[in-house]
Amino acid sequence: MAAPGAVPAAATKRAAVLRSQIAEHDRRYYEEDAPTISDAEYDALFRELRSLESDFPSLLTPDSPTQRVGGARAAAFAPVVHRVPMLSLRTETQTTAAGAVAFDARMRRELKLAPDAPPIIYLAELKFDGLAVSLRYEEGTLTVAATRGDGETGEDVTANLRTVAEIPASLRGRAPPLLEVRGEVYMTRADFTRLNERQRAAGGKLFVNPRNTAAGAVRQLDPTVTAKRQLRFFAYGIGESDGWATPPTQDALLTALAAFGLPVNGDRRLAHGGEELAAYYEDVKARRADLPFEIDGVVYKVDSLEVQSELGFRSREPRWAVAHKFPPEEMSTRLLSIDVQVGRTGAVTPVARLEPVFVGGTTVTNVTLHNDEEIRRRDLRIGDTVIVRRAGDVIPQVVRVVQEKRPPDAREFVMPAHCPECGSAIARLPGEVIARCTGGLVCPAQRRQALLHFASRRALDIEGLGDKLVEQLVDGGIVRTPADLYRLGLGKLAALERMAEKSAANVVAAIEKSRSTTLARFIFGLGIRHVGEATARDLARHFGTLDALMDADEARLLEVDDVGPVLAASIAGFFAEPHNREGIEQLRAAGVHWPEGARRAPERGALAGLNFVLTGTLPSYSRDDAKALIEGAGGKVIGSVSRKTDYVVAGAEAGSKLAKATQLGVAILDEAGLEQLIARRGTATGDERGHREQA
Ligand code: IVH
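(A) Focus on the sheet that holds strand E2 (residues 91-92). Read across the open sheet, the five strands follow the order E2-E13-E10-E3-E9; overall the sheet is mixed. Bordering the open sheet on either side are E2 and strand E9 (269-272), each of which pairs with just one other strand. Sitting on the sheet, helix H3 (residues 98-110) touches E2, strand E3 (121-128), strand E10 (295-302) and strand E13 (321-325), and the angle it makes with E13 is about 165°.

So this is what it looks like as structure tokens:
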């Protein structure tokens, strides 16, 4: 250790910087409930200061943050002196199960136990991520509720905490003359999400996380605001008490508190020795994301209160307990750049490239940012410091920007005008937030999916052309567009790895067969956004030829039944792209053909020519199944009830559509009625259809 007076200037300076940083972060955390660094980063600053002070003890000042329990008081609340101080827990530095074993070893050393002495019994509890409070019950009645403050003096938040339904105004059973209950005020994830949904709907500011929201709500000046925040409470210990025979163990203490009607979390475990603590750590870590509230670790306490008092305290922390945190779920890092990625449907997604950061147990370097509107809403700029969150198996997210760390040269993201993969225009359809590459069949990123769609059963129906084969063909550069499929010979296919001669021949035959198709299948196979099978049929029927469809402007497209502005823009946009026209010409040149000219005869089937609207829940068909049933019988399912609707099929809890049908005098069927209709018309119209087809 260095002699007093021999403190290097750099260490003195660093300690001062650390103290002022810690003070500033304390202020943001405790007073504003808006921290700008993660807990782990805060802990790192704290550890660095503590280690400097231990290397150079003359640096230690009585007002150093390392000498207090933490926190500051907001002036708006009356001070409450904690007669029994509210202490904090020492944090185990290792965020692996080994930390549990290390704690046990330390306890055994402290207690001078022989290696063969029986294991120490601990109570392992969850470490709730909320705000510590102390509730004073006199003669069983809640008289004072206070925050921890600096551990010695807290804030009087009695009026606010009286609004928390889970905090009993009076204790149940035979309450002692005085009992101070210590515990955590928190908010469930579900209540937090609902609160933010309401905020979003009202155009208000979004809350950052449940912990800050709960802490902020406890410190509201207006208790009616606190009351709206759905706060909850878990008791985990006691402070001052009088006239109470304190139970002998932590476990029995919690049971006794529960008997007084206080909420006590049941997720706790008696552990014999370090290995069992480690098992609890791993177990809780695995279940962490499924818990209804947030925790940041577990807490181990020596179970026997007698042994606890034997161990006592070291500075301001009990020796008999430790907080064992999980690897942090949130970390800050730098947003280096934003690239775009083209998805299989052409969706262009901005992706954040981050300075690699270890969070939630893995290293994160790329995070999807969904769309550019989201980037603007969150005010993300390239060069920013951002908080990245990875909880459980959930994909990592950028949760917010640390505005204070924004460098002067931070740049806004601009969505590129052209696709980085194929150079086609990137466009956003009216009413959509997702930008899309208009390259369609030509864009390599979309090619694979487009080919699979083109070959699918309801499109060109090429049997045997599945995921694996398409991947091989595209990655090998053998097939780029659907037209290339028709130039594939047996030789090229059979030469592929894992491709037997026989299956190659089958695929070639299936491709051959698909040359002769229908206009509706062909249109569907193009994979135009929003154009499903039914729309493709409508378009084929309406325009009769592919050229007529390709030449139609949006106004002409809007004349088609059930084609609205979004669909019309999508179709016109697709055919406006020269690449797509080229792809179509190549297919025609490759011999893909269909009967053209005449408008097609009405669809076949028992329900041909009839329009249906579905509403409510049917007893034995899902919405999709009912739709498939009707369409399979040649009928059409439309979205809204009008005079053109022939039948409304109504199930349980049918709403406004049923009312509209009644008003317009549209026939209403239940499930059985629909089945009967299909059966009846199926036989009655069979002959008639036969004639029509021959004609
Ligand atoms: S016991 C003397 N048990 O963690 C021991 N604390 O620094 C007092 N916390 O601010 C704490 N869950 O608010 C204890 N099961 C638990 C806890 C818990 C969360 C908080 C507490 C305190 C911090 C420890």
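(B) Representation of unusual backbone geometry. At Glu-139, a residue that is not glycine, the phi angle is positive and equals roughly 50°. Of note in the backbone geometry, His-530 takes a positive phi value of approximately 75° without being a glycine. Positionally, His-530 belongs in the loop between helix H17 (519-525) and helix H18 (533-543). Residue His-530 is classed as partly exposed on the basis of its relative accessible area of 37%.

(C) Seen up close, the nonpolar core. Counting 54 residues, the largest nonpolar core has Ile-462, Tyr-486 and Leu-539 as its most contacted members. Per-element tally for this core: the top contributor is helix H21 (residues 565-576), with six residues. Sequence-distant contacts of Leu-539, that is, excluding residues within four places in its chain, are made with Ile-523, Val-531, Gly-544, Leu-549, Leu-557, Val-560, Val-563 and Ile-571. Core analysis: the second largest hydrophobic core is formed by 34 residues, Leu-171, Val-181, Val-185 and Ala-235 among them.

(D) Quick look at the sheet that holds strand E8 (residues 232-242). Spatial ordering of the open sheet is given by E5-E4-E7-E8, a layout of four strands whose pairing is antiparallel. Every interior strand has two partners, whereas the edge strands, strand E5 (141-147) and E8, have only one. The average angle at which neighbouring strand axes cross in this sheet is 25°, direction not considered. Strand direction decides the pairing type here: strand E4 (residues 131-138) and E5, joined by six bridges, are antiparallel.

(E) Local environment of the site of the ligand. Near the ligand, the surroundings consist of 14 residues, among which Leu-89, Glu-125, Glu-184, Tyr-236 and Lys-301 are the closest. Here a nitrogen atom of the ligand sits 3.0 Å away from a polar atom, N or O, in the main chain of Phe-128. Within the side chain of Tyr-236, a nitrogen or oxygen atom sits 2.8 Å from an oxygen atom of the ligand. Protein contact buries 87% of the 520 Å² of open area that the ligand shows by itself.

(F) Layout of the packing of aromatic side chains. Considering all chains together, one arrives at 13 aromatic pairs under this definition. For the ring pair Tyr-186 and Phe-293, a centre distance of 5.3 Å and an interplane angle of 65° mean the geometry is edge-to-face. Here Phe-293 lies in the loop between helix H9 (274-287) and E10 and Tyr-186 lies in strand E7 (residues 178-186), a separation of 107 residues in the sequence.

(G) Representation of the pairing of strand E23 (residues 611-615). Most of E23 is tucked away: five of the five residues are buried. The alternating pattern of E23 places Asn-611, Val-613 and Thr-615 on one face and Phe-612 and Leu-614 on the opposite face, and all of these are buried. Two strands pair when backbone bridges link them, and E23 and strand E24 (residues 636-637) are joined in this way by two bridges, in the parallel orientation. The partner of Asn-611 across the bridge, within E24, is Lys-636.

(H) Highlighting the pattern of salt bridges. Taken as a whole, this structure holds 47 salt bridges when the rule is applied. Note that Arg-288 is salt-bridged to Glu-329, the shortest N-O span being 3.4 Å. Pair noted here: Arg-288 is in the loop between H9 and E10 and Glu-329 is in the loop between E13 and strand E14 (330-342), with a separation of 41 residues, a long-range link. You'll find Arg-288 and Glu-329 in the same group, each marked buried. Its salt-bridge partner being Arg-406, residue Asp-379 comes within 3.2 Å of it at the nearest N-O pair. Highlighted residues: Asp-379 in the loop between helix H11 (372-378) and strand E17 (381-382) and Arg-406 in the loop between strand E19 (397-401) and strand E20 (411-412), separated in sequence by 27 residues. A cluster of three or more residues bridged by salt bridges with shared partners is formed by Arg-189, Arg-288, Glu-294, Glu-329, Glu-330, Arg-389 and Arg-400.

(I) Region of interest: the side chain of Glu-317. Here Glu-317 lies in strand E12 (residues 317-318). For Glu-317, a relative accessible area of 11% puts it in the buried group. Excluding its chain neighbours within four sequence positions, the residues that come into contact with Glu-317 are Arg-50, Ser-88, Leu-89 and Arg-90.

(J) Molecular detail of helix H13 (residues 467-475). Those residues of H13 that fall on the buried side of the exposure criterion are Leu-469, Val-470, Leu-473 and Val-474. Across the axial projection of H13, the buried residues extend over an arc of 125°, all falling on one side. For H13, the exposed residues lying more than 90 degrees away from the buried face are Asp-467, Lys-468 and Asp-475. On its buried face, H13 is in contact with helix H12 (444-455), helix H15 (490-494) and helix H16 (501-514). A positive backbone phi angle near 70° is found at Gly-477, which sits one or two residues after H13.

(K) Local environment of the packing of H3 against H9. Running from amino to carboxyl end, H3 crosses H9 at an angle of 150°, the nearest separation of the two axes being 8 Å. Taken together, the axes of H3 and H9 lie roughly antiparallel to each other. As H3 packs across H9, the resulting crossing turns out to be right-handed. Only Gly-274, Glu-275, Leu-277 and Ala-278 of H9 make contact with H3, whose side of the interface consists of Ala-100, Val-101, Phe-103 and Asp-104.

(L) Main features of the environment of Trp-320. Examined against the element boundaries, Trp-320 turns out to sit in the loop between E12 and E13. The spatial distance from the C-alpha of Trp-320 to the C-alpha of Leu-658 is 67 Å, given a sequence separation of 338 residues.

(M) Main features of the environment of Val-84. Looking at the element boundaries, Val-84 is found in the loop between strand E1 (79-81) and E2. Residues Val-84 and Glu-240 lie 156 residues apart in sequence; the distance between their C-alpha atoms is 5.7 Å. Among all residues touching Val-84, those that are not within four sequence positions of it are Arg-182, Gly-239 and Glu-240.

(N) Representation of the packing of H12 against H13. Where H12 contacts H13, the two axes come as close as 10 Å, and the packing angle between them is 135°. Judged by the angle between their axes, H12 and H13 are oblique. Where H12 crosses over H13, the handedness of that crossing is right-handed. Counting all contacts with H12, which are made through Arg-448, Leu-451 and Leu-452, the residues of H13 involved are Asp-467, Val-470, Glu-471, Val-474 and Asp-475. Considering only residue class, the contact of H12 with H13 consists of four nonpolar, no polar and four charged.

(O) A look at the confidence of the model for the protein chain. Per-residue pLDDT for the protein chain has a mean of 88; in total, 93% of the residues score no lower than 70. Below pLDDT 50 for its whole length, residues 70-74 participates in 18 contacts with residues either more than four positions away or in separate chains. Per-residue pLDDT stays below 50 along residues 684-695; that stretch engages in six contacts with residues further than four places along the chain or on separate chains.

Reading the values: rules and limits
- Residues numbered from 1 in each chain as written.
- Predicted model: local features only at pLDDT ≥ 70, side-chain atom pairs only at ≥ 80, totals over all residues.
- Heavy atoms only, no water.
- Pairing = 2+ DSSP bridges.
- Helix = DSSP H or I, 4+ residues; strand = E, 2+ residues; numbered from the N terminus.
- Contact = heavy atoms within 4.5 Å.
- Axes fitted to C-alpha atoms, helices over the stretch in contact; angles between N-to-C directions.
- Buried < 20%, exposed > 50% of the residue type's maximum accessible area, 1.4 Å probe, protein only.
- Core = buried A, V, L, I, M, F, W, Y, C linked by side-chain atoms within 4.5 Å.
- Near = heavy atom within 4 Å.
- Polar contact = N/O pair within 3.5 Å; in protein donor to acceptor, adjacent residues only side chain to side chain.
- Areas by Shrake-Rupley, 256 points an atom, 1.4 Å probe, with all protein chains shown as cover.
- Phe/Tyr/Trp six-rings, centres within 6.5 Å; stacked < 30°, edge-to-face > 60°.
- Salt bridge = Lys/Arg side-chain N within 4 Å of Asp/Glu carboxyl O.
- Arc of directions from axis to C-beta.
- Parallel < 35°, antiparallel > 145°, perpendicular 65-115°, else oblique.
- Left-handed = near helix turned anticlockwise from the far one by under 90°.
- Nonpolar A, V, L, I, M, F, W, Y, C, P; charged D, E, K, R; others polar.
- pLDDT = per-residue confidence, 0-100.

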